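These are the residues of each chain, in order.
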Amino acid sequence: MTEMLAVALITVLAVISPGADFAMVVRNSCLYGRRTGLLGAAGVAAGVLVHVTYTMLGVGLLIASSTALFTVIKLVGAAYLVYIGVRTFLDRGELTVDLSGRSGLSGPGALRTGFLTNVLNPKTTLFVVSTFTQVVGPDTALWQQAGYGLFMSLAHFGWFGLVALFFSHERLRTALLRRQRALNRGIGSVLVGLGVTLGLAR
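Residues numbered from 1 in each chain as written. Predicted model: local features only at pLDDT ≥ 70, side-chain atom pairs only at ≥ 80, totals over all residues. Heavy atoms only, no water.

K.L.:
Before we go on, may I ask you to explain the overall build of the protein chain in this structure?
P.N.:
For the protein chain, the count of helices and strands is ten helices and zero strands. For the protein chain, the proportion of contacts with a sequence separation of at least 24, taken over those separated by at least 6, is 88%. For the protein chain, the exposed area adds up to about 10,600 Å²; of that, 69% sits on carbon and sulfur atoms. (Helix = DSSP H or I, 4+ residues; strand = E, 2+ residues; numbered from the N terminus. Contact = heavy atoms within 4.5 Å. Areas by Shrake-Rupley, 256 points an atom, 1.4 Å probe, with all protein chains shown as cover.)

Shown next, in the form of structure tokens:
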């Protein structure tokens, strides 16, 4: 019971802390609408399962013990965040305020963006690996570990689904789209800052 409460608490705190996944879902929900935002949230949740899978297979312990391997993963993730941030910051395309549901980002594209954002997110790597190494022991059943991982994934989808619903609201979305350049610069700066910070962190 204590183990389950620990997983739940750590998961909630990790999910609601601002990061690249939050910025990505907010941006896509505002620019492309509710469906795209929700698909991005589903991609984020699927990305969590990748971290859970390799952690359950023991690779997480290797990452935790190998400085070189973790550094490579961290730098790849940081570079991806900087790349997305720079693209967002430099985006000069004017969007019309079209709330008809048509999206400039396909369904698979929205899923892929959310998926890659979390698969290459060092914060998510640290969260999953540290949670499992702290609360899962040699006697923890495989089905129980899988249950923890599924809960982590569903928690991400639940939170980011709410974020997508909120930021795709018609009035809020219209107001934000009319300030698109400022929004892009703000989100782009946050993403670049996160990438640089994570890349330089020891």
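Having put the structure on the table, let's press on.
K.L.:
Mind showing me how you'd approach a nonpolar patch on the surface here?
P.N.:
A grouping of Val86, Phe89 and Leu90 is seen on the molecular surface, where their side chains present a nonpolar patch of about 240 Å² in accessible area. With respect to the element layout, Val86 can be found in helix α5 (residues 67-90). (Patch = residues over 30% accessible without salt bridge, like charges linked within 9 Å, V, L, I, M, F, W, Y side chains within 5 Å. Salt bridge = Lys/Arg side-chain N within 4 Å of Asp/Glu carboxyl O.)

K.L.:
What should I look at first to understand the layout of surface pockets in this one?
P.N.:
The gaps left among the atoms become clear once a water-sized probe is rolled over them. Space inside the largest pocket adds up to approximately 460 Å³. What lines the largest pocket is a set of 20 residues, among which Arg27, Asn28, Ile84, Arg87 and Thr113 lie closest to the centre. Along the lines of polarity and charge, the residues of the lining of the largest pocket split into eleven nonpolar, five polar and four charged. (1 Å grid on protein atoms, 1.4 Å probe; cavity = no way out; pocket = protein on both sides within 12 Å on 5 of 7 lines; lining within 4 Å. Points joined across faces, edges and corners; volume = space filled by probe spheres on them. Nonpolar A, V, L, I, M, F, W, Y, C, P; charged D, E, K, R; others polar.)

K.L.:
Can you help me understand empty space enclosed by the protein in this one?
P.N.:
This model, assessed by the stated rule, comprises one cavity of 30 Å³ or more. Size it by volume and the largest cavity reaches roughly 50 Å³. With three residues, the single largest contributor to the lining of the largest cavity is helix α7 (residues 122-135). For the lining of the largest cavity, the residue count by class is four nonpolar, three polar and two charged.

K.L.:
Looking at this structure, I do not really get helix α2 (residues 20-32). What am I missing?
P.N.:
Since the α-helix advances by 3.6 residues per turn, residues separated by three or four positions end up pointing in the same direction. For α2, spanning 13 residues, the distance from its first C-alpha to its last is 18 Å, which sits close to the expected 18 Å at 1.5 Å a residue. Most of α2 is tucked away: twelve of the 13 residues are buried. What α2 keeps buried is the set Ala20, Asp21, Ala23, Met24, Val25, Val26, Arg27, Asn28, Ser29, Cys30, Leu31 and Tyr32. Remark: Gly33 follows α2 within two positions and exhibits a positive phi of approximately 105°. (Expected span 1.5 Å × (residues − 1). Buried < 20%, exposed > 50% of the residue type's maximum accessible area, 1.4 Å probe, protein only.)

K.L.:
Would you mind going over the packing of aromatic side chains with me for this structure?
P.N.:
The geometry of an aromatic ring pair is captured by two quantities: the separation of the ring centres and the angle between the planes. Summed over the entire model, instances satisfying the criterion amount to two aromatic pairs. Here Phe22 and Phe167 contribute two aromatic rings whose centre-to-centre distance is 6.3 Å and whose plane-to-plane angle is 90°, an arrangement assigned as edge-to-face. With Phe22 in helix α2 and Phe167 in helix α8 (residues 142-167), this residue pair connects regions lying 145 residues apart in the sequence. Accessibility expressed as a relative area gives 27% for Phe22, which makes it partly exposed. Since its relative accessible area comes to 19%, Phe167 is described here as buried. Ring plane angle 85° and centroid distance 4.9 Å describe the contact between Phe166 and Phe167, whose orientation is recorded as edge-to-face. Using a relative accessible area of 52% as the deciding quantity, one classes Phe166 as exposed. Site record: aromatic cluster; members linked through ring pairs are Phe22, Phe166 and Phe167. (Phe/Tyr/Trp six-rings, centres within 6.5 Å; stacked < 30°, edge-to-face > 60°.)

K.L.:
Quick question: what am I supposed to make of the environment of Leu142 here?
P.N.:
With respect to the helices and strands, Leu142 occurs in helix α8. Classification of Leu142 by relative accessible area gives exposed; the value is 59%.

K.L.:
For this particular structure, what's the right way to read α8?
P.N.:
With 26 residues, α8 should cover 38 Å at 1.5 Å per step; its first-to-last C-alpha distance of 38 Å lies within 8% of that length. For α8, every residue scored as buried is listed here: Gln145, Tyr148, Gly149, Met152, Ser153, His156, Phe160, Gly161, Val163, Ala164 and Phe167.

Fair warning: the whole summary comes from geometry, so function is off the table for now.
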